[in-house]
Amino acid sequence: MPQARLRLTIPEEVWIGRLTREFPDATFRILAALSGEDAGVGLAELTGENPGGLLQEMQGLEDVTSIDVLKHADGKVLVQFETTMPLLLLPARDSGVPLEMPFEIQDGTAVWEVTAPSDHLSELGTQLEAFGISFSVDYVQQRLSDDELLTERQQRIIFTAIEKGYYDTPREASLTELADALDIAKSTASETLHRAEEKIIKRFVDELSSDVETTTQDGPVRN
């Protein structure tokens, strides 16, 4: 299933876009969110040089109808808020694309990672344009589930290798012992293990390369 990373430019008239531009060094980390027709509720972590100032400014916004401060310590503020303008959530809702939480907003830009069928991703783009939210695509890649990545035999040998200590340092089981535990030939164990390791490593490198490419182009995305 396709996985994409999008960068959304939040319109100036939307409170969360305006607020984060006024505090460009702050990060608005959305941990959970829910939207209805006329309102939305969110759980967010505010961090940066002056999260208290951002919170004070947020409390004075007309579009933010309530704020509950759940925690304020160590330069972080955890808040639950309600808003009459959950514009950022509506395109995802209307296109049937679930947002992966958490996601971050900084200096008027939100970074989304979404996984959905191609037609849903296409509809998401249409909905973003309809709501006046411009965006760019960092990458689109095919995301395989763990079951799709490895065959049943490859999963079995990887799990057994971990269980027997084949990957421990120092190694607690040899390839011969691993093959005996699985009741297969040593050559079969070697080939199956190599193919499984190849898939796992290539997937890891592909995902890491996507992150490195994004960091190189746009600077690091803070966690």
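Reading guide: rules and limits
Residues numbered from 1 in each chain as written. Predicted model: local features only at pLDDT ≥ 70, side-chain atom pairs only at ≥ 80, totals over all residues. Heavy atoms only, no water. Helix = DSSP H or I, 4+ residues; strand = E, 2+ residues; numbered from the N terminus. Buried < 20%, exposed > 50% of the residue type's maximum accessible area, 1.4 Å probe, protein only. Contact = heavy atoms within 4.5 Å. Areas by Shrake-Rupley, 256 points an atom, 1.4 Å probe, with all protein chains shown as cover. Axes fitted to C-alpha atoms, helices over the stretch in contact; angles between N-to-C directions. Left-handed = near helix turned anticlockwise from the far one by under 90°. Nonpolar A, V, L, I, M, F, W, Y, C, P; charged D, E, K, R; others polar. Salt bridge = Lys/Arg side-chain N within 4 Å of Asp/Glu carboxyl O. Pairing = 2+ DSSP bridges. 1 Å grid on protein atoms, 1.4 Å probe; cavity = no way out; pocket = protein on both sides within 12 Å on 5 of 7 lines; lining within 4 Å. Points joined across faces, edges and corners; volume = space filled by probe spheres on them. Phe/Tyr/Trp six-rings, centres within 6.5 Å; stacked < 30°, edge-to-face > 60°. Lys NZ or Arg CZ within 6 Å of the ring centre and 35° of its normal.

A. The overall build of the protein, seen in detail. Each helix and strand counted, the protein has eight helices and eight strands in total. Residues counted as buried form 40% of the 223 residues belonging to the protein. Here the analysis covers contacts within the protein between residues at least 6 apart in sequence; of these, 65% occur between residues at least 24 apart. Accessible surface for the protein amounts to roughly 12,600 Å². Of this, 49% is attributable to carbon and sulfur atoms.

B. Inspection of the packing of helix H1 (residues 15-22) against helix H2 (residues 51-59) at higher detail. In the contact formed by H1 and H2, the axes pass within 11 Å of each other and the chain directions differ by 145°. Both H1 and H2 take part in a crossing whose hand is right-handed. Seen from H1, the contacting residues are Trp15, Leu19 and Glu22; seen from H2, they are Leu54, Glu57 and Met58. Tallied by class, residues from the contact of H1 with H2 come to four nonpolar, no polar and two charged.

C. Representation of the pattern of salt bridges. Per the counting criterion, the structure on display carries seven salt bridges. Across the pair Arg93 and Asp94 runs a salt bridge whose closest N-O atoms are separated by 3.0 Å. Its relative accessible area of 36% is what places Asp94 among the partly exposed residues.

D. Summary view of the environment of Ser66. With respect to the helices, strands and loops of the structure, Ser66 is situated in strand S4 (residues 64-73). Taking the relative accessible area as the measure of exposure, Ser66 reaches 26% and is therefore partly exposed. Put simply, Ser66 and Gln80 are 14 residues apart on the chain and 8.2 Å apart in space, counted from C-alpha to C-alpha. The contact partners of Ser66, leaving out residues within four places of it in the chain, are Gln80, Phe81 and Glu82.

E. Structural context of the pairing of strand S3 (residues 40-47). Most of S3 sits inside the fold, with six of its eight residues counted as buried. Bridge analysis of strand S2 (residues 27-35) against S3 gives eight bridges, and the strand direction is antiparallel. Each residue of the ladder has a partner; that of Phe28, found in S3, is Leu46. Counting the residues in the hairpin turn of S2 and S3 gives four residues. Examined bridge by bridge, S3 and strand S5 (residues 76-83) share eight bridges and lie antiparallel to one another.

F. Summary view of empty space enclosed by the protein. Counting across every chain of the model gives one cavity of 30 Å³ or more. Each pocket or cavity is described by its volume, and for the largest cavity that value is around 160 Å³. Lining the largest cavity are 17 residues, with Ile16, Phe81, Pro86, Leu88 and Leu89 positioned closest to its centre. Those elements giving two or more residues to the lining of the largest cavity turn out to be H1, S2, S3, S5 and strand S6 (103-106). With three residues, S3 is the largest single contributor of residues to the lining of the largest cavity. Within the lining of the largest cavity, the residues separate by chemical class into 14 nonpolar, three polar and no charged.

G. Main features of the packing of aromatic side chains. Per the stated rule, a full pass over the model turns up five aromatic pairs. Ring centres 5.2 Å apart and planes at 85° place the aromatic pair Tyr166 and Tyr167 in the edge-to-face group. Taking relative accessible area as the criterion, Tyr167 reaches 36% and is therefore assigned partly exposed. Through a chain of ring-to-ring contacts, three or more aromatic side chains come together here, namely Trp15, Phe28 and Phe81. Over the aromatic face of Tyr166 sits the side chain of Arg171, whose NZ or CZ is 3.9 Å from the ring centroid.

All we've got here are geometric facts, nothing functional implied.
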